[in-house]
Amino acid sequence: MKKSVPSIIIDTAILLLFGMVVYVIGFSDTYKINGLSNDLYQLNTIFLSILIEALPFVLIGVLIAGFIQMFITENQLKKWIPKNRYAAIFMSCVVGGLFPACECGIVPIVRRLIDKGVPIYAGVGFLLTGPLINPIVIYSTYMAFGNDLEMAILRMGVGFIIALIIAVLISFLFKSNQLKTTTTSMTSCNDHTDRQSLLEKLGKTLIHAVDEFFDMGKYLIIGAFLASFVQVYVSTNLLVSLGDDQFTSLVVMMSLAYLLSLCSEADAFIGASFSSIFPRSAILGFLVYGPMIDLKNTLMMLSVFKTKFVIIFVGIVSITVFLTISLLTIVL
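Bear in mind the structure is a predicted one, so any value in this text is a computation, not a measurement.

Caption draft 1: How the structure looks around the packing of aromatic side chains. Using the criterion set out here, one finds 7 aromatic pairs in the structure. Between Tyr139 and Tyr142, the ring centres sit 6.5 Å apart and the planes meet at 35 degrees, which makes this aromatic pair tilted. Of the two residues, Tyr139 and Tyr142 both sit in helix 7 (residues 135-144), 3 residues apart, roughly one turn of that helix. Residue classification places Tyr139 among the exposed positions, given a relative accessible area of 53%. Residues Phe274 and Phe278 carry aromatic rings whose centres are separated by 6.1 Å and whose planes lie at 40 degrees to one another, so their mutual orientation is tilted. In this pair, the class of Phe274 matches that of Phe278, namely buried. Taken together through their ring pairs, the aromatic side chains of Phe174, Phe305, Phe309 and Phe313 make up a single cluster. Here Arg85 stacks its cationic end above the ring of Tyr86, 5.9 Å away from the centre of that ring. Positioned over the ring face of Phe172 is Arg85, at 4.4 Å from the centre of the ring.

Caption draft 2: Layout of the pattern of salt bridges. Taken as a whole and assessed by the stated rule, the structure comprises 4 salt bridges. In this structure, Arg155 and Asp267 form a salt bridge, with 2.8 Å as the shortest nitrogen-oxygen distance. Placement of Arg155 in helix 8 (residues 149-173) and of Asp267 in helix 12 (residues 267-273) is noted, with a sequence separation of 112 residues between them. The network of salt bridges with common partners includes Asp148, Glu150 and Arg280.

Caption draft 3: Just the packing of helix 4 (residues 85-97) against helix 6 (residues 120-132), in detail. In the contact formed by helix 4 and helix 6, the axes pass within 7 Å of each other and the chain directions differ by 25 degrees. By the angle between their directions, the pair helix 4 and helix 6 is classed as roughly parallel. Two packed elements cross with a definite hand, and for helix 4 against helix 6 that hand is right-handed. Here helix 4 contributes Arg85, Ala88, Ile89, Ser92, Cys93, Val95, Gly96 and Gly97 to the contact with helix 6, which in turn contributes Tyr121, Ala122, Gly125, Phe126, Thr129 and Gly130. In terms of residue class, the contact of helix 4 with helix 6 is made up of 7 nonpolar, 6 polar and 1 charged.

Caption draft 4: Seen up close, helix 13 (residues 280-292). Between its first and last C-alpha atoms helix 13 spans 19 Å; for 13 residues at 1.5 Å apiece the expected length is 18 Å, and the two agree. Counting buried residues along helix 13, 12 of its 13 residues qualify, which places the element largely inside the surrounding structure. Ser281, Ala282, Ile283, Leu284, Gly285, Phe286, Leu287, Val288, Tyr289, Gly290, Pro291 and Met292 are the residues of helix 13 that are buried.

Caption draft 5: Layout of unusual backbone geometry. Even without a glycine there, the phi angle at Gln178 is positive, about 65 degrees. Assignment of secondary structure puts Gln178 in the loop between helix 8 and helix 9 (198-233). Residue Ser261 is not a glycine yet carries a positive backbone phi of 55 degrees. Among the secondary structure elements, Ser261 is positioned in the loop between helix 11 (246-260) and helix 12.

Caption draft 6: Structural detail: the confidence of the model for the protein chain. Predicted confidence across the protein chain gives a mean pLDDT of 80, with 80% of residues reaching 70 or more. Least confident of the elements in the protein chain is helix 1 (residues 5-27), whose mean pLDDT is 56; most confident is helix 8, at 95. Segment residues 30-35 is flagged for pLDDT under 50; beyond a separation of four residues in sequence, or across chains, it makes 5 contacts in the model.

Caption draft 7: Representation of the side chain of Asn134 in the model. Residue position: Asn134 is located in the loop between helix 6 and helix 7. At a separation of 2.7 Å, a polar atom in the side chain of Asn134 contacts the main-chain carbonyl oxygen of Gly130. Only 3.0 Å separates the side chain of Asn134 from the backbone nitrogen of Ile136, close enough to count as a polar contact.

Basis of the calculations
Residues numbered from 1 in each chain as written. Predicted model: local features only at pLDDT ≥ 70, side-chain atom pairs only at ≥ 80, totals over all residues. Heavy atoms only, no water. Phe/Tyr/Trp six-rings, centres within 6.5 Å; stacked < 30°, edge-to-face > 60°. Helix = DSSP H or I, 4+ residues; strand = E, 2+ residues; numbered from the N terminus. Buried < 20%, exposed > 50% of the residue type's maximum accessible area, 1.4 Å probe, protein only. Lys NZ or Arg CZ within 6 Å of the ring centre and 35° of its normal. Salt bridge = Lys/Arg side-chain N within 4 Å of Asp/Glu carboxyl O. Axes fitted to C-alpha atoms, helices over the stretch in contact; angles between N-to-C directions. Parallel < 35°, antiparallel > 145°, perpendicular 65-115°, else oblique. Left-handed = near helix turned anticlockwise from the far one by under 90°. Contact = heavy atoms within 4.5 Å. Nonpolar A, V, L, I, M, F, W, Y, C, P; charged D, E, K, R; others polar. Expected span 1.5 Å × (residues − 1). pLDDT = per-residue confidence, 0-100. Polar contact = N/O pair within 3.5 Å; in protein donor to acceptor, adjacent residues only side chain to side chain.

Here is the structure:
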């Protein structure tokens, strides 16, 4: 995907501005004055911690996206994906569950897959289960809750069922790929010719990965900043005070999961810290909802998908997670 000179200048300026802000807030004593210094320092610390957690997975994601762009053709994907809608959804959820990626790194991968011809509903299945029930996440959940296998299994089982339901709903609501732009149309038609050597393809893979990183990175930075701002200036105690029964506590924990925008590999340890305050169903909602959709992930999706799709997607995920876990609470 070729970028125009103004676009490259804007991306570079954003990164330079980001570096300047980090330096000023984090390393310059001149700005640590009055009552603002502690809040700003805390904001900077949380902001950087979110970025440090997310960036490795984004880098892995864009490299995989570049590999998909250069080495996998539309015809190959059509052969691998079942023609039956429900079989395709089930397969995408299973493959996503085996794939270690966080909710940030999964977005560029899904974008490339859909652009290559993967149906939107199959892409959604992969998008939801990849960050939620991959082996690393399940193991971290098991460890965070004191070797509690039940919570790890609940997260995996309930999350998988919810992902299936959401993907099926999306399959009925949306027929087109819902991407803002198709990147393959902007890519050289010689990308997949046999005349290219392996070294040339690897070089173009890195070029595509860099383009993808600049596209995703600026939205990750904005999302991380907003999430850190919320953590510093929005009172968690206020939200906690609102959860006085099972259903309102579920809403509170889902809201926290969205606003905190934690990496799915580490969110179980935060969720476990609320175990003495909220019921088990609310903790489960926190663990399932956060990896599916959060603040920084929403911004990254808005950069890739049509706004209407993202709004409806967030609504479907929110309602489905709430209703499923509420029903599970009543039944059990």
